Amino acid sequence: NRELHNPKPLRLCQNGGFDLQDDSEACPLERNLLRDFYISTKGQEWTESDKWLDEYEGHCLWHGVKCDSLNRTIHLQLRNNGLSGKLKKTVAGLRHLQRLDLSDNAIKGSIPPDIGSLSELKYLRLSFNSFTGSVPTTFEELTRLESFQLQDNRIKGTIPNITFSNDLAVGRSTFVADCGVPSAFDIPLTCVGCTMCCNSEGNCYPNEQPRLMQIDAVGYDSYESFTWVFFLCLFGLCCVLGLISFIVDKFKNRHLPLSALRQRSHSQIDLDDVLAVETLGSGSVYAFFSSKSCLGWTIALSMIALQMWVLVPFVQAAEVDLHDEESDFVYTWKCFRDEDECKDKGDLNWRGWTIFTFLMVLFQGRDFIRGTKMIVHSAKVRHYPLTAIRYFFGGLCLCCV
């Protein structure tokens, strides 16, 4: 009966003998696909299923479904709606789908590879379900994807490389998966391109290098290499300071011959040694560098070696490795069920960093100033080479260690 309004009753369209079954206006294909989706995800148990499978209402009026002007399904959003069962490949028949949000439900089984054929899909959220298996390689074909969240599932293996449509808009919550540790599996999920990795405890952390390690320069590959570069730069600056100080002092005494400058009494030499000890710190182990005692130098060098040995574990522990189960690294981010954006719940903030910087300058600044003075003092022309080297090395250690 062609006098029936479109769309025709849903049950009638399911009748194989209905002559308008293939008519897109009388029996929209997407309505049939959504009906199959409803059945496979146990729609009768949904929290809200307003107008779903209504005989006469078009599928664009069903709860969670949004269509464009041509009645093509572009959004399917059923977050936290009691879905269960399995996700069948029929959902991939919604060719114009741009947004698919089935998060915070209890859907089981594997993710259909056919979803990779949804060429217009921009937003895909399947997080907080019970999906198993691996992510299909066909997802590499989702070239318009802008957001993909998959955390809190039972996915394992390796997630294929997914290229997002706008690299400039990629944020920390753009690509989220369970690639952190501890993992629910012996071998954690591998996801090189993920922007956020979550672990089995529900905590997350951005899958990125710290800001300092993001600098494109030599020595910024890791904190360990950066530490070496930092000390080398500091050593270079100390050498430059010593050279400049030597040139300035030589200019001031340009009218005096070198022999006259070095013909000093023992009392004058002792005054230089006293000044060196006071600058290095009379109660400090660094004061041994101003002496000629082999034992004193051995004690001072041993102490520096011990300090460097203690420093190394701290530098190594600073490395961010989200896949190292032995690491003491703390996941401070949370990706919530009802929000798209993950949030940092850690207690580090600019106030804490400001106080830390102030205390470091307060307690370490004095040693750095004293070390600088010692380097300047070592550059006096009147010093013999070995004396200058002793003073310079003491000032260098005070500045660097």
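Refer to the structure printed above.
Computed from a predicted model, the values in this text were never measured in an experiment.

**Q** Would you take a moment to explain the pairing of strand 6 (residues 130-133) for this structure?
**A** The side chains of a regular strand alternate, residue by residue, between the two faces of the sheet. By the bridge criterion, three bridges tie strand 4 (residues 108-110) to strand 6 in an arrangement that is parallel. Counted as the bridge partner of Gly109 is Phe131 from strand 6. Taken together, the two bridges between strand 6 and strand 8 (residues 154-155) define a ladder with parallel strand orientation. Pairing of Thr132 across the sheet is with Arg154, part of strand 8.

**Q** Help me out: how do you make sense of the environment of His383 in this one?
**A** Position of His383 relative to the elements: it lies in the loop between helix 7 (350-378) and helix 8 (385-400). Relative accessible area serves as the criterion here: at 3%, His383 is assigned to the buried category. Between the C-alpha atoms of His383 and Leu258, which are 125 residues apart in sequence, the distance is 9.9 Å. Within polar-contact distance, the side chain of His383 engages the backbone oxygen of His377 at 3.0 Å.

**Q** In this structure, what is going on with the sheet that holds strand 4? I would like to understand it.
**A** Note on sheets: strands pair through backbone hydrogen bonds, and any given pair is parallel or antiparallel. Taking strand neighbours across the sheet as the criterion, the three strands line up as 4-6-8 in an open arrangement whose pairing is parallel. The sheet terminates laterally at strand 4 and strand 8, the two strands that pair on one side only.

**Q** Help me out: how do you make sense of a negative patch on the surface in this one?
**A** There is a patch of like negative charges on the surface, built from Asp186, Asp321, Asp324, Glu325 and Glu326. Structurally, the position occupied by Glu325 is in the loop between helix 6 (294-317) and strand 12 (333-334). Its relative accessible area of 49% is what places Glu325 among the partly exposed residues.

**Q** For this particular structure, what's the right way to read the state of the cysteines?
**A** Each disulfide consists of a covalent bond between the sulfur atoms of two cysteine residues. For the coordinates displayed, the defined rule picks out five disulfides. Bridging Cys179 to Cys197, the disulfide has an S-S length of 1.9 Å. Sign of the S-S torsion, about -100° for the bond between Cys179 and Cys197, identifies this disulfide as left-handed. Of this pair, Cys179 sits in the loop between strand 9 (175-177) and strand 10 (196-198) while Cys197 is found in strand 10, placing the two residues 18 residues apart along the sequence. There is no split in this pair, since Cys179 and Cys197 are both buried.

**Q** How should helix 6 be read in this particular structure?
**A** The α-helix advances 3.6 residues per turn, and as a result positions three or four apart in sequence lie on the same side. With 24 residues, helix 6 extends 35 Å from end C-alpha to end C-alpha; this agrees with the ideal 34 Å at 1.5 Å per step. The set of residues buried in helix 6 consists of Gly296, Ala300, Ile304 and Val315. Check the buried side of helix 6 and you find it contacts helix 3 (223-252) and helix 8. Sitting at the amino-terminal end of helix 6 is Ser293, which places a side-chain oxygen 3.3 Å from the backbone nitrogen of Leu295.

Scoring rules and cut-offs
- Residues numbered from 1 in each chain as written.
- Predicted model: local features only at pLDDT ≥ 70, side-chain atom pairs only at ≥ 80, totals over all residues.
- Heavy atoms only, no water.
- Pairing = 2+ DSSP bridges.
- Helix = DSSP H or I, 4+ residues; strand = E, 2+ residues; numbered from the N terminus.
- Buried < 20%, exposed > 50% of the residue type's maximum accessible area, 1.4 Å probe, protein only.
- Polar contact = N/O pair within 3.5 Å; in protein donor to acceptor, adjacent residues only side chain to side chain.
- Patch = residues over 30% accessible without salt bridge, like charges linked within 9 Å, V, L, I, M, F, W, Y side chains within 5 Å.
- Areas by Shrake-Rupley, 256 points an atom, 1.4 Å probe, with all protein chains shown as cover.
- Salt bridge = Lys/Arg side-chain N within 4 Å of Asp/Glu carboxyl O.
- Lys, Arg positive; Asp, Glu negative; His and termini not counted.
- Charge placed at Lys NZ, Arg CZ, Asp CG, Glu CD.
- Disulfide = S-S within 2.5 Å.
- Expected span 1.5 Å × (residues − 1).
- Contact = heavy atoms within 4.5 Å.

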